[in-house]
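Each chain is listed here by its residues.
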Amino acid sequence: MSNYVDLDRIRRATAEKPEGDSARAGDIFDKAFSSVELARADEAKTIGIYPYFQPISAQHGGTATVDGREMIITGSNDYLGLTQDTRLEEAAKAVFDDFGTSCTGSRFLTGTLSLHEELERRLADFLGAEAILTFSTGFLGALAVLSSLTGRQDILYFDRENHASLYDGARLSFGSLRKYKHNDLDHLERLLAKDADKPGGRMIVTDGVFSMSGHIADLPGIVELARKYGARVAVDDAHATGVLGKNGRGTPEHFDQEGEVDLIIGTFSKSFASVGGFVAGSRVVVNYIKHTARPFIFTAALPAMQVAATLKALEIMETEPEHREKLWENVARLRNGMNALGFDTLGSETPIVPVLIGPDELTVLFWKALWEEGIFTTPALPPGVPTGQSLIRTSVNANHGPEQIDRLLEVFAGVGEHLGVIG
Ligand SMILES: Cc1ncc(COP(=O)(O)O)c(C=O)c1O
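Reading the values: the criteria
The residue numbers shown here count from 1 along each chain, following its written sequence. Per-residue local features of the predicted model are confined to residues with pLDDT of at least 70, and side-chain atom pairs are confined, for both listing and counting, to 80 or more; whole-chain, interface and lining totals are unaffected and use all residues. The basis for every side-chain value is the complete set of non-hydrogen atoms in the structure, without hydrogens or water. Only the contacting stretch of a helix is used when fitting its axis, a line to C-alpha atoms as for every element, and angles between N-to-C directions run 0 to 180 degrees. Each helix corresponds to a stretch of at least 4 residues labelled H or I by DSSP, and each strand to a stretch of at least 2 residues labelled E; elements are numbered beginning at the N terminus. Note on angle classes: values under 35 degrees are labelled roughly parallel, values over 145 roughly antiparallel, values of 65 to 115 roughly perpendicular, and the remainder oblique. Left-handed describes a crossing in which the near helix is turned anticlockwise from the far one by less than a right angle; the clockwise case is right-handed. Contacts were defined at the residue level, with two residues in contact if any of their heavy atoms lie within 4.5 Å. Residues were grouped as follows: Ala, Val, Leu, Ile, Met, Phe, Trp, Tyr, Cys and Pro as nonpolar; Asp, Glu, Lys and Arg as charged; and all remaining residues, including Gly, as polar. Pairing between strands is defined by DSSP: at least two bridges between the two strands are required. Each residue carries a pLDDT score, the predictor's own confidence in it, on a scale running from 0 to 100. To estimate the expected span of a helix, count its residues, drop one, and scale the result by 1.5 Å. In this scheme, a residue with accessible area under 20% of its type's maximum is buried, one over 50% is exposed, and one in between is partly exposed, where area comes from a 1.4 Å probe on protein chains only. Note on ring pairs: Phe, Tyr and Trp rings are taken, using the six-membered ring of Trp, and paired if centres are within 6.5 Å. Classes follow the plane angle, with under 30 degrees stacked, over 60 edge-to-face and the rest tilted. Any Lys NZ or Arg CZ found within 6 Å of a ring centre and within 35 degrees of that ring's normal is scored as a charge over the ring. Consider each residue's heavy atoms; a residue with any of them within 4 Å of a molecule or strand counts as near. Two N or O atoms form a polar contact when they lie within 3.5 Å of each other; inside protein one atom must be a possible hydrogen donor and the other a possible acceptor, and for residues adjacent in sequence the pair counts only when both atoms belong to side chains. Residue-level accessible areas treat just the shown protein chains as cover; the underlying method is Shrake-Rupley with a 1.4 Å probe. Each cavity reported here is a set of points on a 1 Å grid over the protein atoms alone in which a 1.4 Å probe fits but cannot get out, each pocket an open set with protein on both sides within 12 Å along at least five of seven lines, and each lining residue one with an atom within 4 Å of a point. Cavities and pockets are treated as containing a molecule whenever more than half of the molecule's atoms lie within 2 Å of their grid points.

**A short note on the packing of helix α14 (residues 322-341) against helix α16 (residues 402-418)**
Phase 1 of the analysis: Closest axis-to-axis distance for the α14/α16 pair is 10 Å, and the angle between their directions is 20°. Taken together, the axes of α14 and α16 are roughly parallel relative to one another. Crossing of α14 over α16 shows right-handed handedness. For the pair α14 and α16, the contacting residues are Asn330, Arg333, Leu334, Gly337, Met338 and Leu341 in the first and Pro402, Ile405, Asp406, Leu408, Leu409, Phe412 and Ala413 in the second.
Phase 2 of the analysis: The class makeup of the residues in the contact of α14 with α16 is 9 nonpolar, 2 polar and 2 charged.

Written out as structure tokens, the structure reads:
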């Protein structure tokens, strides 16, 4: 197998720097001019194996059109398949005349719409929470929640595989961060016990569904440890709201732990087929975040059209369980199919079905072979995944047809055998 990285080319690329700049010592841009990552990306583009930022010109059902070619797309987060639902489009259009294209102001000042408050009330009813605060994205929500609540003496306990937004929220705070091995509650307990005599508050923070492995956090175990050591629990349920639980209320409902979780951080950019984020919690804590979180106060509010689309998605989520049922039917078809072919799907139990390939180069070659066969996927390489565990992240939505999933499996089988990933 050829190595897709030509080190000589990388060295040449990293040597390129505009004339004159070299005279300036300690130029802050040096890291860009000498970036191995950029040189590697350029090299991959030159030889046609760069998988990212592929521009999609149209999307229908389970397909995406790229360069005029319609491909089966897998790996998107449109779990309930609502991004093309005409009812969401109509809802967005209906508020356009009253609110136009943007709020152009922060929620704190001129950007709070009656629609924001309606969404917060309706979502609180759905999740059984006392209060909800919405954000312009889920990423900003994580920054807002963790930075406003975590003071100097406070300690956050993180599953190592937590999403980047949570890590950045922790970095933005003044507290300390302890990382425990992925889903390893013995490790978590050792860390909690070690800090038992330290002052300050503590909070265990975990993804509900992990975005790369598709694993579900052991929420009952986490809640038990939290009670034992006096910690709060925050769950980022970005990949679980609308997906897990009989009524789609996410990881807490899945484990019958509703009411046991202190904060749920969520997004509208996945099952809700919109954009934006939220936190659900007690009235006082949510109100505190509302009045102190800089990533909430100092950024423009969610536009009305997105809020209206989210509200419509919520209504569909509550009244039409058939989308979730179809999603799980598709998940079973995909995951069972991959497992039957001999792929390692890392024990995923959710619509995120990772296909472990291993070495980076092999994973990129695998991606390229899928691409040539008309399958749109994205590889996950380090640092997004542990070294040596690169994977192709597949997922299906409610609007994939059985014939699309079967075609996907057929192509994976052919490529997997050709590249020696399966026997
Ligand atoms: C686990 C998790 N949390 C948070 C986010 C951020 O959500 P948003 O797209 O709304 O910024 C994502 C999105 O990729 C995610 O996967």
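From this point, the discussion proceeds with the structure in view.
**Concerning the sheet that holds strand β12 (residues 375-376)**
Phase 1 of the analysis: Overall, mixed pairing links the 4 strands, which are arranged β1-β2-β3-β12 in an open sheet. Every other strand in the sheet has two partners, leaving β1 (58-60) and β12 as the edge strands with one partner each.
Phase 2 of the analysis: By the bridge criterion, 3 bridges tie β1 to strand β2 (residues 63-66) in an arrangement that is antiparallel. Paired with glutamine 59 across the bridge in β2 is alanine 64.
Phase 3 of the analysis: Packing of α16 onto the sheet brings it into contact with β2, β3 (69-73) and β12, and relative to β3 it is tilted by some 90°.

**A look at the confidence of the model for the chain**
Phase 1 of the analysis: When pLDDT is averaged across the chain, the result is 93; 94% of the residues are at 70 or more.
Phase 2 of the analysis: Every residue in residues 1-5 scores below 50 in pLDDT, and together they form 14 contacts with partners more than four places removed in sequence or on other chains.

**A closer look at α16**
Given 3.6 residues per turn, any residue in an α-helix points the same way as the ones three and four places further on.
Phase 1 of the analysis: Relative to the 24 Å expected for 17 residues at 1.5 Å per residue, α16 spans 24 Å between its end C-alpha atoms, a close match to the ideal helical length.
Phase 2 of the analysis: Those residues of α16 that sit buried are Gln404, Ile405, Leu408, Leu409, Val411, Phe412, Ala413, Val415 and Gly416.
Phase 3 of the analysis: One or two positions beyond α16, positive phi appears at glycine 420, with a value near 75°.

**Overview of the packing of aromatic side chains**
Phase 1 of the analysis: As enumerated under the stated definition, the model contains 10 aromatic pairs in all.
Phase 2 of the analysis: Pairing phenylalanine 158 with tyrosine 167 gives two aromatic rings, centres 5.1 Å apart and planes at 70°, and the pair type is edge-to-face.
Phase 3 of the analysis: Tyrosine 167 sits in the buried class, given a relative accessible area of 17%.
Phase 4 of the analysis: Taking 6.1 Å as the distance between ring centres and 75° as the angle between the ring planes, the aromatic pair formed by phenylalanine 343 and phenylalanine 366 counts as edge-to-face. Taken as a pair, phenylalanine 343 in the loop between α14 and β11 (352-358) and phenylalanine 366 in helix α15 (residues 360-372) lie far apart in primary sequence, 23 residues in all. Accessibility classification places phenylalanine 343 together with phenylalanine 366 in one group, the buried group.
Phase 5 of the analysis: Between lysine 45 and the ring centre of tyrosine 50, over which it is positioned, the NZ or CZ distance is 4.8 Å.
Phase 6 of the analysis: Above the ring of phenylalanine 174, the side-chain terminus of arginine 152 is found at 4.4 Å from the ring centroid.

**Some points on the site of the ligand**
Phase 1 of the analysis: Inspection of the region around the ligand gives 14 residues, with Gly138, Asp236, His239, Thr267 and Lys270 positioned closest.
Phase 2 of the analysis: For the ligand, an oxygen atom lies 2.6 Å from a polar atom in the side chain of histidine 239.
Phase 3 of the analysis: Lysine 270 places a polar side-chain atom, nitrogen or oxygen, 3.0 Å from an oxygen atom of the ligand.
Phase 4 of the analysis: Taken by itself the ligand offers 390 Å² of open surface, and the protein chains cover 83% of this.
Phase 5 of the analysis: Taking a 2 Å distance to the grid points as the criterion, the majority of the atoms of the ligand fall inside the largest pocket.
Phase 6 of the analysis: The residue makeup of the shell around the ligand, split by class, is 2 nonpolar, 9 polar and 3 charged.

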